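Here is what each chain is made of, one letter per residue.
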Amino acid sequence: MGNSVSTHHAPRNGVSARGQKKGYVYIAGAGPGDPELITVKVEKALRDADVILYDDLVSMELIDQYSAIKIYTGKRKDSHHFEQEEINREIVRHAMDGKVVVRLKGGDPFIFGRGGEEIDTLRGYGIRYEIIPGITAAHGASSYTEIPLTMRKISSSVAFCTGHPVDRIQVPETDTIVYYMVASTVHDVLDAVAAKGRSGSTMVAVVQNATRYNQKVYTGTLDEFRKRERAVYSPALLIIGDSIGQFIEHNWHERKKKVLMTGGDSGRYPSTDYIKVHFPCRQVSGADLKAVQQALESMGAYDLLFFQNKFSVKYFFHYLFQSGKDVRSLAHMTICTAGDAAAEELQKSGLVADHMVEPDGKAGYAGCLEDLGISSRKILLPGSNHVDEFLVSELRELENQVTPLGVYARGTQQEGDAIDLDSIDEIYFSSPICVRNFRNMFFTIPERITVAAADRRTEEEYRKVFRG
Ligand code: SAH
C-alpha cells in the first residue's frame with residue numbers, strides 16, 4: 001500500500017471535531033524597542049493573529065501594519081489600567097472565541113515578563129499555546145552600546161536582576177550584573193552593590209531607551225554614580241562591570257543620523273548611515289462602514305479603481321474579503337495605483353495594476369491620466385476619510401465621475417509613541433498631508449533639524465506651513 005494521503009482543510013480558527021471553536025495563543029517577545037529586532041517567527045504570528053494584546057514597551061510602529069484587533073494592556077496614564085488578572089481573562093476570552101491571539105511583550109516573555117503566569121492560566125483552560133522568545137533589553141542594550149556582557153579575562157559571568165522592590169535587591173557575585181526596572185531605584189541598587197564590597201572604581205552604565213532612536217547611555221565609576229544626582233527615565237537598565245569600555249558613548253548607534261519618516265518610506269536613506277524612525281502622522285483604522293458596504297455591493301457601477309496609496313489598497317481589500325467577495329468581483333475594472341508602494345500592496349492580493357502613475361511628475365495626476373487616455377470613466381477612489389480634493393478635481397477635469405470612499409480614518413496620531421525631536425537629525429515629509437498633520441502636533445521644527453520633502457508639492461506645503 002502506498003502512503004496514505006490526507007487532505008487537510010485546516011480552517012483558520014481550528015474548529016475541533018465537536019464543532020467547538022478552539023483558539024491558539026502565542027506568548028511572544030517583541031524585542032527591546034528597535035522594531036527590526038523582532039524575530040521572523042513573531043512577525044509570522046502577528047500576521048496570522050486575529051487579536052494582538054500588547055504591552056507598554058511594544059512600539060506602535062511595530063504592530064501598526066497588522067490587520068488584527070489591537071488591545072493595549074499597558075499602564076499608560078490616559079488609558080484603562082489592566083491588572084494581570086484582567087489580561088489573563090482577555091487572553092482566555094479571545095482564545096475561547098476561536099481566535100488566534102498574540103500576547104506580545106517587550107523584550108523576552110520569560111525575563112521579568114510574567115509569561116509564566118499567563119501559561120498557568122492557559123493550561124487551566126486547556127487552551128493551546130506556544131512561546132516565542134524575544135531579544136531581552138540586556139542583549140539589545142549590550143549590542144547597541146558596545147558593552148560586551150562577557151569578555152575574555154574581564155568578565156566570565158553575567159546575571160540579570162531587578163531593582164524592584166527596593167528591599168529585595170540582590171547583588172550576585174557575577175562579574176557583570178544587569179539590573180532591570182531601576183528608574184526609581186538606581187541609587188538603592190548602587191548602594192547595595194557598594195555594600196556588597198565591590199570596588200568604587202567598578203564601571204557603571206545606565207542605558208535608557210536601549211536600541212531605540214532616542215537611546216541614551218551614561219557611564220562612570222560606581223563612586224561617581226553614587227555621587228551623581230541624575231534622574232533616570234524609564235525604560236532604563238543599569239549595567240555594572242568592567243567590560244564597560246570608555247568609548248561607549250560614541251557607539252555605532254550614536255554615529256548614525258536619525259531621520260523621522262512621516263508617512264511613506266524613501267530609498268534615499270541607506271541603513272548604513274541612517275536610522276529611520278517611522279512616524280505615520282495618521283491613524284489607519286476606522287472607515288465609513290456603511291458607505292464601504294454599499295460600494296462593495298455596487299461594484300458594477302464603476303469601471304476604474306484608483307488607489308492613492310498602500311493604505312487604501314490594504315483597507316479596501318480588507319473589507320472586500322470581509323464581505324465574502326474576492327478579486328473576481330473586480331475583474332471588469334481597470335486598476336490604477338499612484339506609486340510603487342500601492343502597486344506592491346496590490347500584488348499581495350494577487351493583482352497587478354494596469355497602470356501605475358507617478359504622482360510627482362510635473363503635470364500631476366491629470367497629465368498622467370490624460371496620457372493614458374483615462375477620461376469619461378466611473379472611478380471608485382478608496383482612500384482616507386479626508387478626501388484628497390486636489391486629486392478628485394484633477395480626475396474630474398478629465399470628465400471622469402469620481403466616487404471617493406473612506407476605507408480608513410486619517411487623523412493625527414493620538415495614541416502611542418510621542419516623538420522626541422531632540423533625538424532627530426532630519427525630517428522627511430512624504431506628502432503635503434504629512435506636513436499639515438505634523439504641524440498640528442509640533443508647531444515648530446528646531447533649527448538644528450534638516451528637512452527633506454518627497455516632491456515639489458510637499459516642499460511647497462512645507463514652506464507655506466512652517467516658513468510662510
Ligand atoms: N521582558 C522585558 C523586561 C520587562 S521588565 C525584557 O526582556 O526586556 C521592564 C524593564 O525592562 C524596564 O523597567 C527596563 O529596565 C527594561 N527595559 C525594557 N526595554 C528597555 C529598553 N528599550 N531600554 C532600557 N531598558 C529596557
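Analysis parameters
Residues numbered from 1 in each chain as written. Predicted model: local features only at pLDDT ≥ 70, side-chain atom pairs only at ≥ 80, totals over all residues. Heavy atoms only, no water. 1 Å grid on protein atoms, 1.4 Å probe; cavity = no way out; pocket = protein on both sides within 12 Å on 5 of 7 lines; lining within 4 Å. Points joined across faces, edges and corners; volume = space filled by probe spheres on them. Helix = DSSP H or I, 4+ residues; strand = E, 2+ residues; numbered from the N terminus. Nonpolar A, V, L, I, M, F, W, Y, C, P; charged D, E, K, R; others polar. Expected span 1.5 Å × (residues − 1). Buried < 20%, exposed > 50% of the residue type's maximum accessible area, 1.4 Å probe, protein only. Pairing = 2+ DSSP bridges. Domains from an automatic or database assignment. Core = buried A, V, L, I, M, F, W, Y, C linked by side-chain atoms within 4.5 Å. Contact = heavy atoms within 4.5 Å. Near = heavy atom within 4 Å. Polar contact = N/O pair within 3.5 Å; in protein donor to acceptor, adjacent residues only side chain to side chain. Areas by Shrake-Rupley, 256 points an atom, 1.4 Å probe, with all protein chains shown as cover. Phe/Tyr/Trp six-rings, centres within 6.5 Å; stacked < 30°, edge-to-face > 60°. Lys NZ or Arg CZ within 6 Å of the ring centre and 35° of its normal. Axes fitted to C-alpha atoms, helices over the stretch in contact; angles between N-to-C directions. pLDDT = per-residue confidence, 0-100.

Any chance you could break down empty space enclosed by the protein for me, citing the residues and the numbers?
Under the defined criterion, the tally for this structure stands at two cavities of 30 Å³ or more. Computed from the structure, the largest cavity encloses a volume of approximately 80 Å³. Around the largest cavity sit Val186, His187, Leu190, Val206, Tyr218, Phe225, Arg228, Arg230 and Val232, which together line it. Broken down by element, the lining of the largest cavity gets its largest block of residues, three residues, from helix α6 (residues 186-195). Looking at the lining of the largest cavity residue by residue, the class counts come to six nonpolar, one polar and two charged.

Give me helix α3 (residues 84-96): which residues, what numbers.
Between its first and last C-alpha atoms α3 spans 18 Å; for 13 residues at 1.5 Å apiece the expected length is 18 Å, and the two agree. What α3 keeps buried is the set Gln84, Ile87, Asn88, Glu90, Ile91, Val92, His94 and Ala95. Positive phi shows up at Gly98, right after α3, with a value of about 85 degrees.

Any chance you could break down the pairing of strand β17 (residues 401-408) for me, citing the residues and the numbers?
Both strand β16 (residues 378-384) and β17 contribute to a ladder of seven bridges, which runs parallel. Residue pairing in the sheet places Leu380 in a bridge with Thr403 of β17.

Outline the layout of surface pockets, listing residues and values.
Each pocket or cavity is described by its volume, and for the second largest pocket that value is around 220 Å³. If you go around the second largest pocket, you meet 15 residues; those closest to its centre are Gln215, Lys216, Glu254, Lys258 and Ser423. Listing elements by their share of the lining of the second largest pocket, those giving two or more residues are β9 (216-221) and α8 (252-255). When residues of the lining of the second largest pocket are assigned to domains, at least three map to each of domain 2 (139-253) and domain 3 (256-284 + 415-467).

Account for the nonpolar core, naming residues and giving values.
Phe316, Phe317 and Leu330 are the most contacted members of the largest nonpolar core, which has 25 residues in total. Taken together, the elements giving at least two residues each to this core come down to α9 (289-297), β13 (304-307), α10 (310-322), α11 (340-348) and β17. Here this core takes seven residues from α10, the largest share from any one element. Setting aside residues up to four positions removed in sequence, Phe316 forms contacts with Leu296, Met299, Leu305, Phe307, Leu330, Leu380, Pro382 and Val407. Counting 22 residues, the second largest nonpolar core, distinct from the first, contains Ile38, Ala45, Val58 and Leu62.

Now, about the site of the ligand: what can you tell me, with residues and values included?
Taken together, 18 residues form the shell around the ligand, and within it Asp108, Ile111, Thr136, Met181 and Ala236 come nearest. Measuring from an oxygen atom of the ligand, one finds a backbone N or O atom of Asp108 at 2.8 Å. Contact between the ligand and Ile111: a nitrogen atom at 2.7 Å from a main-chain N or O atom of the residue. Alone, the ligand offers 540 Å² of accessible surface; in the complex the protein occludes 92% of this. Residues of the shell around the ligand, tallied by class, amount to 12 nonpolar, four polar and two charged. Taken together, domain 1 (24-135) and domain 2 (139-253) each give at least three residues to the shell around the ligand, which thus spans both.

Give a description of the packing of aromatic side chains that names residues and reports values.
Taken as a whole and assessed by the stated rule, the structure comprises 17 aromatic pairs. Centroid distance Phe429 to Phe438: 5.4 Å. Interplanar angle 75 degrees. Geometry classified as edge-to-face. Grouping residues by exposure puts Phe429 and Phe438 together as buried. Taken together, a centroid distance of 6.3 Å and an interplanar angle of 25 degrees make the contact between Phe429 and Phe466 stacked. Taken together, the residues Phe429 in strand β18 (residues 426-429) and Phe466 in helix α15 (residues 456-467) connect sequence positions 37 residues apart. By the burial criterion, Phe429 is buried, and Phe466 matches it. Ring-pair connections join several aromatic residues into one group, and the members of that group are Phe279, Phe429, Phe438, Tyr462 and Phe466. Directly above the ring of Phe225 sits Arg228, whose terminal nitrogen or CZ lies 4.5 Å from the centroid. Across the ring face of Phe466, the terminal group of Arg439 is positioned such that the distance to the ring centre comes to 5.7 Å.

Quick rundown of the sheet that holds β17? Include the residues and the values.
Spatially, the five strands line up as an open sheet ordered β15-β14-β13-β16-β17, and their pairing is parallel. Every other strand in the sheet has two partners, leaving β15 (355-357) and β17 as the edge strands with one partner each. Shown here is a sheet whose adjacent strand axes are inclined to one another by a mean of 25 degrees, direction ignored. Bridging between strand β14 (residues 334-338) and β15 involves three bridges; their strand directions are parallel. Following the sheet pairing, Ala338 is matched in β15 by Val357. Each of β13, β14 and β15 is contacted by α11, which is oriented at about 135 degrees to β14, the strand it contacts most.

For helix α14 (residues 432-441), give the residues involved together with the corresponding values.
Listed as buried for α14 are Pro432, Ile433, Cys434, Val435, Asn437 and Phe438. On its buried face, α14 is in contact with β11 (257-262), β12 (274-279), β18 and α15.

Could you give an account of the sheet that holds strand β2 (residues 51-54), naming the residues involved and the relevant values?
One open sheet accounts for five strands, arranged β3-β2-β4-β1-β5; its pairing is parallel. A single partner strand is all that each edge strand has here, and the edge strands are β3 (69-72) and β5 (128-132). Looking at each pair of strands side by side, their axes are set apart by 20 degrees on average, direction ignored. Sheet contacts for helix α1 (residues 40-48): β1 (24-29), β2, β4 (100-105) and β5; angle to β4, the most-contacted strand, approximately 135 degrees. Contacts from α3 reach β1, β2, β3 and β4, with the element oriented near 155 degrees to β4.

Lay out the confidence of the model for the protein chain with the relevant residues and their values.
Chain-level pLDDT for the protein chain is 86 on average; 89% of the residues reach the 70-or-more range. Overall, residues 411-416 carries pLDDT values under 50, and its contacts beyond four positions in sequence, including any with other chains, amount to 21 contacts.

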